[in-house]
Amino acid sequence: MSQPSPERAPSRKRRDAAPSIRDVAAAAGVSYQTVSRVLNDSPRVRPVTRHQVMDAIERLGYRPNRAARALGFGRARAVTVVTSNTTLYGYAATLQGIEEAAREEGLAVGVQVIESARSGDIRQAVEHVSDPSVGGVVVIAFDAAGMELLRRLPGDVPAVAAVEPGALAEAGRTTICLDEQQASADATRHLLSLGHRTVHHVAIPSEAGTRGREAGWRRALLEAEAPVPEIVAAGWDARSAYEAGCALAADDAVTAILCGNDDTAMAVRRALYDAGRDVPADVSLVGFDDVPGSAYWIPALTTIRMDFAGWGRACLAALAAELDGRPRPEIALTAPNLVVRESTAPPRTAR
């Protein structure tokens with residue numbers, strides 16, 4: 001009796017094995033990422049390509065196997081977003097960009113909210129994302145809690161972080177930031193160019209004193225040899241921003257204020273109004289982020305436009321490449337830019 005040749009045995013074994021996603025990709029003449037997008041109903045796939053993939057699936061009898069989707073690092077091809085907030089505009093818009101890009105990549109998205117920067121809350125979040133079933137991790141590290149989690153993530157957890165300029169770069173981690181320093185400096189120079197002697201700053205919470213918004217404001221004042229006022233700190237809540245605004249409204253020498261975000265600017269605007277100080281006749285006001293609706297406030301708010309959604313998409317693209325073992329894609333972010341509206345004007349003394 002003849003024995004099967006060495007060449008034929010693997011072939012028979014292969015015929016008996018269930019087809020994989022890569023088999024479907026080869027049969028359809030596309031990448032396995034495209035097959036994944038078809039399986040997840042991504043709108044990114046052209047109809048003719050979708051037809052080719054579905055035809056290959058039918059011919060091969062392919063059945064998606066969730067366990068078989070675990071790729072590099074032994075982790076599921078999914079993404080978990082870790083954030084301390086899902087309601088503030090910058091966090092929510094970044095999360096939206098991540099979700100949009102993940103849908104196009106055929107990635108499931110989960111969200112893990114860090115309750116605080118306390119050790120127990122950070123440890124609980126780290127334990128959750130260390131499970132291979134959560135996939136890769138995107139950390140929205142706009143604050144101390146996000147940065148602390150990033151520091152404590154195990155090295156074998158694939159992760160990408162959206163961070164502020166000047167924040168600690170974690171060894172072995174991909175971090176992506178927008179140049180807030182330059183934008184903040186531009187806003188400060190705009191106010192100085194109108195004739196304001198200096199610009200006061202109501203700051204939002206952040207990771208460190210090197211944060212982009214504060215650093216850009218300070219740099220512009222120093223370059224112009226203008227006085228550098230004390231920082232007025234506010235929390236994420238409107239009440240603390242209103243109280244900061246009340247303190248500034250009581251000082252007639254204050255004629256220009258740069259706020260850490262638009263929500264803060266809105267609360268400061270109310271404090272100025274309650275003190276009988278007009279914007280922009282008495283005080284020019286600049287926000288940060290360009291939240292939806294800021295162009296329709298009275299007066300329309302001068303602010304810095306931030307492409308948070310694009311930031312989120314860039315983070316997801318970098319993470320997807322890491323999960324798939326592909327080179328990191330080129331990152332093309334829209335730089336923050338000053339949008340001048342009605343809330344800024346020359347001070348009374350310069351008119």
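Residues numbered from 1 in each chain as written. Predicted model: local features only at pLDDT ≥ 70, side-chain atom pairs only at ≥ 80, totals over all residues. Heavy atoms only, no water.

## Let's talk about the sheet that holds strand β6 (residues 200-203)
Taken together, 4 strands build an open sheet; the order of strands is β7-β6-β8-β9 and the sheet is parallel. Two strands in the sheet have a free side with no partner beyond their single neighbour: β7 (232-233) and β9 (284-286). Strands in contact with helix α11 (residues 262-274) are β6, β8 (256-259) and β9; relative to β8, the strand with the most contacts, it is inclined by about 150°. (Pairing = 2+ DSSP bridges. Helix = DSSP H or I, 4+ residues; strand = E, 2+ residues; numbered from the N terminus. Contact = heavy atoms within 4.5 Å. Axes fitted to C-alpha atoms, helices over the stretch in contact; angles between N-to-C directions.)

## Let's talk about the packing of helix α8 (residues 180-193) against helix α9 (residues 212-223)
Relative orientation of the contacting elements α8 and α9 amounts to 45°, with a least axis distance of 7 Å. Relative to α9, α8 is oriented oblique. Read as a crossing pair, α8 and α9 show a hand that is right-handed. Here Glu180, Gln181, Gln182, Ser184, Ala185, Thr188, Arg189 and Leu192 of α8 lie close against α9, whose contacting residues are Gly212, Arg213, Ala215, Gly216, Trp217, Arg219, Ala220, Leu221 and Glu223. Considering only residue class, the contact of α8 with α9 consists of 6 nonpolar, 6 polar and 5 charged. (Parallel < 35°, antiparallel > 145°, perpendicular 65-115°, else oblique. Left-handed = near helix turned anticlockwise from the far one by under 90°. Nonpolar A, V, L, I, M, F, W, Y, C, P; charged D, E, K, R; others polar.)

## Digging into the environment of Leu323
Position of Leu323 among the secondary structure elements: in helix α12 (residues 308-324). Judged by relative accessible area, which is 2%, Leu323 ranks as buried. Between the alpha carbons of Leu323 and Val79 there is a distance of 9.5 Å; along the sequence they are 244 residues apart. (Buried < 20%, exposed > 50% of the residue type's maximum accessible area, 1.4 Å probe, protein only.)

## Notes on the packing of aromatic side chains
Geometrically, a pair of aromatic rings is defined through the distance of the ring centres and the angle of the planes. Taken as a whole, this structure holds 6 aromatic pairs when the rule is applied. Judged by centre distance (6.1 Å) and plane angle (20°), the rings of Phe308 and Trp311 are stacked. Highlighted residues: Phe308 and Trp311, both in helix α12, separated by 3 residues, approximately one helical turn. What makes Trp311 buried here is its relative accessible area of 0%. Among the aromatic residues, those joined into a cluster by ring pairs are Tyr89, Tyr91, Phe142, Trp236, Phe308 and Trp311. (Phe/Tyr/Trp six-rings, centres within 6.5 Å; stacked < 30°, edge-to-face > 60°.)

## Regarding the pattern of salt bridges
Taken as a whole and judged by the stated rule, the model has 18 salt bridges. The salt bridge involving Arg326 is made with Asp324; its shortest N-O contact spans 3.0 Å. Given a relative accessible area of 31%, Arg326 falls into the partly exposed group. Ionic contacts of the salt-bridge type, sharing partners, join the residues Asp186, Arg189, Arg219 and Glu223 into one network. (Salt bridge = Lys/Arg side-chain N within 4 Å of Asp/Glu carboxyl O.)

## Some words on helix α10 (residues 238-249)
Taking 1.5 Å of rise per residue, the 12 residues of α10 would be expected to cover 16 Å, and the 16 Å separating its terminal C-alpha atoms lies within 8% of that figure. All of the buried residues in α10 are Ser240, Ala241, Ala244, Gly245, Leu248 and Ala249. Packed against the buried residues of α10 are β6, β7, β8 and α11. (Expected span 1.5 Å × (residues − 1).)

## Looking at the nonpolar core
One finds Val199, Trp311 and Leu316 to be the most contacted residues of the largest nonpolar core, which totals 40 residues. Mapped by element, the contributors of at least two residues to this core are β1 (78-83), α5 (89-105), β3 (136-141), β4 (159-163), α8, α9, β8 and α12. Ranked by the residues each element gives to this core, the list is headed by α12, at 9 residues. Core analysis: the next-biggest nonpolar cluster, separate from the first, contains 19 residues, Ala125, Val134, Val137 and Val163 among them. (Core = buried A, V, L, I, M, F, W, Y, C linked by side-chain atoms within 4.5 Å.)

## Considerations on the environment of Arg239
As for its position among the elements, Arg239 is in helix α10. By relative accessible area, which is 52% here, Arg239 ends up exposed. In the structure, Arg239 is positioned 28 residues away from Ala267 in sequence and 7.4 Å away in space, judged by C-alpha atoms.

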